[in-house]
Amino acid sequence: MDEQYDVIVLGTGLTECVLSGLLSVEGKKVLHMDQNDYYGGASASLNLTQLFRKFRGEEKAPEALGRDRDWNVDLIPKFMMANGELVKILTHTNVTRYLEFKQISGSFVYRDGKVSKVPSTEKEALTSPLVGLFEKRRLKKFLEFIRNYKPEAPVESPDLDLPNVPMSQVYKYFGLEEGTQDFVGHALALYLNDDYLEQPAIQTHKRIMLYTTSMARYGKSPYIYPLYGLGELPQGFARLSAIHGGTYMLDKKIDEVVYDESGKFVGVRSGDETVHAKVVIGDPSYFTNKVKKVGRVIRAICLLRHPIPNTDDVDSVQIVIPQNQVKRKHDIYVACVSASHNVCASDYFLAIVSTIAETDNPQEEIRPGLELLGEIEEQFVYVSDMQTPVEDGTKDNVFISKTYDATSHFASVCDDVKDIYKRVTGEDLVLKQRPTQEEEQEAMANA
Amino acid sequence: MADVSDNTALSGSPSVPMKPVQVKLVLLGEAAVGKSSLVLRFVNNEFQENKEPTIGAAFLTQKTRVEDKIIKFEIWDTAGQERFHSLAPMYYRNAQAAIVVYDVTRAASLDKAKSWVKELQRQANPNIVIALAGNKVDLVSDEDDDLHPDELDGDEEANEDGDDMPITRQVPAEEARAYADESGLLFFETSAKLGHGVQEVFNEIARKIPIDQMLMPSRSGRAGMPGSNRIDLNNDGQGIGGRGGSCAC
């Protein structure tokens, strides 16, 4: 182990594994370690034994839940946008070949005590019970405008100069009611709070387009999900790294991050051994003195024996509870997957209710979400700090990722990956299409 | 991404195009027992002395014929992740076959092989076909009398812990076979270097794979799962309907 590496990566969360994979492909010598004996860090999917060990200590999983291997319980609730950045990274690196994906079957939003399908096209808007008769026309016009908007083309009103007007002005132009604004901003643009209303409307446009183009790709919802759980994603990128020479050590105690007199990173000590590298990348849990707390997220992992009520009995769903609907400042999300995603034993459903905590009693805050679930068989609730690095790493060569936030998909994770990549290498991340397996094999045969 | 559902490579009767049945096969075993060398022998019919630890290939594919069917092996190498016990569970997910390799000149490598077999039986698809392969029989001259002694000491990596010690067999074939029989494994002794027994391992696995079950309409290339809603990210258009075993990538 006493060797020199280009990069040491600490923690096998998705952010770290994507970076490890990308850097290994570029020929960097990478050592990747994790204190846990499983892949995925905070973005892991746990089997029953691991799940109970994490949340219940000595308590063993009930026999009735069945075999360990049938369970892959996500710690964080996120879905992939079918047209999102993570899909691009997956296809360009060919990590898709290790994974299989399924659609999430429904996208729902909570309004006035009821959950309804999110209308994302003009046609759906016209039939949605969410909007009143006159509002339907206005919403249709709004969605039409969004779909046809071209930044370079002239707009019919200064109110629609999206880069330069706040979103509230655009809503006003179309005369959208507050309830409609709620679901456009929170269920389509997936904003967690209402700060976006006073920010340039172009950002909201971009997010609605991501939603609608993702929706258009496979049809049932904008979301896709890897079979066997989100934990497959870091594993896939770890494999990419390994086949390009990355060295993997799980269950490795990290005793000390070593710095020189000027405070620059030198290496990592585990027991009597110290490995050296030019830079280190890691998640906040390895650098508690170099991160700050920026908030708290509460997540309740719930085991159900039935689909979530009032969602057409689908096998998987996302429900957004916009903040205003429950008098909060942040939305509550419910994300549900089931045995058809190979994440739990047959006839079970896994739902995670989550939100950004605003009070000292976050358990109470997620109640509107829990109430949508019907009877809950088992529940694992945890509150975790959202952490972000204090410095950008240029001084000490320590590059720390952010904790996984409360957003519903991976856009912020991809942003963090690109940001760290640029800080580490000094260059923008440019995704090049990697050779396919067939091309690789041919090249090998001809070598 | 290449579409691999072509039928040209091993075409049978031209009137009935055959779609290869895709089988995920994983290699397991201690470092330096010759896992990659076995595959290189099988896929490219070649051998590299002092091969570096595996790097670069995600997996190799090779078609093989069983009676009137073609099996396309998608062979996964450990990519070195076994070295520090850090093989991801994803690795053996849905594997329909596994070759667990040990080195006949190192008894400890059989113990390691046994622990991999246990791991597979605990974690992998219950119907997985497992073969145990005792590799490097070219290094032990006593039973391979027809080999010229000069050819026998080429493999330096096996020498690493024993300087000038003569290389001797540490695992008798009977012992390994008895273990394999008891655990329901196929058993072979192989030499990736000379090509001895390699083709046989893959052929026998191909014969043992429950192909007919896999060809059932509901099958999606992955055992035991419903096939609906499956999508292929590399297919921009009609993703719905799944990959159905037509794409290896």
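Residues numbered from 1 in each chain as written. Chains lettered and ligands numbered in written order. Predicted model: local features only at pLDDT ≥ 70, side-chain atom pairs only at ≥ 80, totals over all residues.

Peer 1: What is the right way to look at the overall build of chain B in this model?
Peer 2: A count of helices and strands for chain B gives 5 helices and 7 strands. Written out in order from the N terminus, the α and β elements of chain B read β-α-β-β-β-α-β-α-β-α-α-β. By the burial criterion, 45% of the 249 residues in chain B qualify as buried. Contacts spanning at least 24 positions in sequence make up 69% of the contacts within chain B whose residues lie at least 6 apart. (Helix = DSSP H or I, 4+ residues; strand = E, 2+ residues; numbered from the N terminus. Buried ≥ 20, exposed ≤ 12 C-beta atoms within 10 Å, placed from the backbone. Contact = placed C-beta atoms within 7 Å.)

Peer 1: Help me understand the sheet that holds strand 6 (residues 101-103) of chain A, please; the structure alone is not making it clear to me.
Peer 2: Sheets are built from strands that pair by backbone hydrogen bonding, the pairs being arranged parallel or antiparallel. What the 4 strands build is an open sheet, ordered 5(A)-9(A)-6(A)-7(B); its pairing is antiparallel. This sheet does not close on itself; its edge strands, each paired only once, are strand 5 (80-81) of chain A together with strand 7 (230-231) of chain B. (Pairing = 2+ DSSP bridges.)

Peer 1: Sorry, what's going on with the pairing of strand 5 (residues 129-135) of chain B here?
Peer 2: Looking down a regular strand, the side chains alternate between one sheet face and the other. Residues and elements named next belong to chain B. Counting buried positions along strand 5 gives 7 out of 7 residues, so the element sits mostly inside the fold. Taking every second residue as pointing to the same face, both faces of strand 5 are buried, with Val 129, Ala 131, Ala 133 and Asn 135 on one and Ile 130, Leu 132 and Gly 134 on the other. Read from strand 4 (residues 97-103) through helix 2 (residues 107-123) to strand 5, the crossover connection turns out right-handed. Pairing between strand 5 and strand 6 (residues 186-189): 4 bridges, direction parallel. Considered in strand 6, the bridge of Gly 134 is made with Glu 189. (Right-handed = clockwise from strand over helix to strand, strands pointing away.)

Peer 1: Would you take a moment to explain the nonpolar core for this structure?
Peer 2: One broad trend across soluble globular proteins is that nonpolar side chains are buried collectively. Judged by nonpolar contacts, the single largest core of 195 residues is most densely connected at Ala 351 of chain A together with Leu 25 and Ala 98 of chain B. In terms of residues, this core owes the most to one element, strand 14 (residues 291-304) of chain A, which gives 7 residues. The residue makeup of this core includes at least three contributed by each of domain 1 (4-60 + 231-291 + 387-438) and domain 2 (106-218) of chain A. If near-sequence neighbours (up to four positions away) are discounted, Ala 98 of chain B is found in contact with Leu 25, Val 26, Leu 28, Tyr 92, Leu 120, Ile 128 and Ile 130 of chain B. (Core = buried A, V, L, I, M, F, W, Y, C linked by C-beta atoms within 7 Å. Domains from an automatic or database assignment.)

Peer 1: Help me out: how do you make sense of the sheet that holds strand 3 (residues 69-76) of chain B in this one?
Peer 2: All names here are of chain B. The strand order 2-3-1-4-5-6 describes an open sheet built from 6 strands, whose pairing is mixed. Because the sheet does not close on itself, it has two edges, and the strands there are strand 2 (59-66) and strand 6. Here the strands of the sheet are splayed against their neighbours by 25° on average, with no regard to which way each runs. Two strands pair when backbone bridges link them, and strand 1 (residues 21-29) and strand 4 are joined in this way by 5 bridges, in the parallel orientation. (Axes fitted to C-alpha atoms, helices over the stretch in contact; angles between N-to-C directions.)

Peer 1: How do you make sense of the domain arrangement of chain A when you look at a structure like this?
Peer 2: How large an interface is tends to be reported as the accessible area lost when its parts come together. Segmentation of chain A into domains returns domain 1 (4-60 + 231-291 + 387-438) and domain 2 (106-218). Put simply, the middle of domain 1 of chain A and the middle of domain 2 of chain A, counted by C-alpha atoms, are 37 Å apart.

Peer 1: Please clarify how the pairing of strand 1 of chain B should be interpreted in this entry.
Peer 2: Extensive coverage of strand 1 of chain B is indicated by the burial of 9 of its 9 residues. A two-sided burial pattern is seen for strand 1 of chain B, the buried positions comprising Val 21, Val 23, Leu 25, Leu 27 and Gly 29 of chain B on one face and Gln 22, Lys 24, Val 26 and Leu 28 of chain B on the other.

Peer 1: Mind showing me how you'd approach unusual backbone geometry here?
Peer 2: It is generally the case that most residues other than glycine have a negative phi and that most peptide bonds are trans. Residue and element names in this part refer to chain A. Backbone geometry places Asn 310, a non-glycine residue, at a positive phi of 65°. Counting through the fold element by element, Asn 310 comes out in the loop between strand 14 and strand 15 (317-321). Located in the positive-phi region is Asn 397, a residue other than glycine, with phi close to 60°. Its place among the elements puts Asn 397 in the loop between strand 18 (378-389) and strand 19 (398-400). Classification of Asn 397 as partly exposed rests on a count of 19 C-beta atoms within 10 Å.

Peer 1: Explain helix 2 of chain B here, please?
Peer 2: Owing to its 3.6 residues per turn, the α-helix brings residues three or four apart onto one side. Residues and elements named next belong to chain B. The terminal C-alpha atoms of helix 2 lie 25 Å apart, and with 17 residues this matches the ideal 24 Å at 1.5 Å per residue to within 8%. Every buried residue belonging to helix 2 is among Ser 109, Leu 110, Lys 112, Ala 113, Trp 116 and Val 117, and all of these are buried. Seen from one end, helix 2 has its buried residues packed into an arc of 160°, which puts them on one side. Exposed residues lying more than 90 degrees from the buried face of helix 2 are Asp 111, Lys 118 and Arg 122. Buried residues belonging to helix 2 abut strand 1, strand 4, strand 5 and helix 3 (173-183). (Expected span 1.5 Å × (residues − 1). Arc of directions from axis to C-beta.)

Peer 1: Whenever I open this one, the packing of helix 1 (residues 14-25) of chain A against helix 9 (residues 232-243) of chain A confuses me. Can you help?
Peer 2: Relative placement of two packed helices is described by the angle separating their axes and the distance separating the axes. Residue and element names in this part refer to chain A. Between helix 1 and helix 9, whose axes approach to 8 Å, the crossing angle comes to 20°. Relative to helix 9, the element helix 1 is oriented roughly parallel. Judged by the sense of rotation from one axis to the other, the crossing of helix 1 with helix 9 is left-handed. Together, Leu 14, Cys 17, Val 18, Ser 20, Gly 21, Ser 24 and Val 25 of helix 1 and Leu 233, Pro 234, Phe 237, Ala 238, Leu 240 and Ser 241 of helix 9 make up the contact between the two elements. Taken together, the residues of the contact of helix 1 with helix 9 break down into 9 nonpolar, 4 polar and no charged. (Parallel < 35°, antiparallel > 145°, perpendicular 65-115°, else oblique. Left-handed = near helix turned anticlockwise from the far one by under 90°. Nonpolar A, V, L, I, M, F, W, Y, C, P; charged D, E, K, R; others polar.)

Peer 1: Help me understand the packing of helix 1 of chain A against helix 12 (residues 411-425) of chain A in this model?
Peer 2: All names here are of chain A. Contact geometry of helix 1 with helix 12 gives a least axis separation of 10 Å together with a crossing angle of 45°. On the basis of the axis angle, helix 1 is oblique to helix 12. The crossing of helix 1 and helix 12 is right-handed. Here helix 1 contributes Leu 14, Thr 15, Val 18, Leu 19 and Leu 22 to the contact with helix 12, which in turn contributes Val 413, Asp 416, Val 417, Ile 420 and Tyr 421. For the contact of helix 1 with helix 12, a count of residues per class yields 8 nonpolar, 1 polar and 1 charged.

Peer 1: What exactly am I supposed to notice about helix 7 (residues 178-188) of chain A here?
Peer 2: Where burial is concerned, most of helix 7 of chain A is hidden: 9 out of the 11 residues are buried. Leu 190 of chain A occupies a position one or two residues after helix 7 of chain A and carries a positive phi of about 55°.

Peer 1: In this structure, what is going on with the confidence of the model for chain B? I would like to understand it.
Peer 2: Predicted coordinates in regions of low pLDDT should not be interpreted in detail. Residues and elements named next belong to chain B. Put simply, chain B has an average pLDDT of 76, and 67% of its residues get 70 or more. Between residues 1-15, whose pLDDT stays under 50, and residues either more than four places distant or in other chains, the model counts 23 contacts. Confidence estimates for the predicted assembly give a pTM of 0.88 and an ipTM of 0.83. (pLDDT = per-residue confidence, 0-100.)

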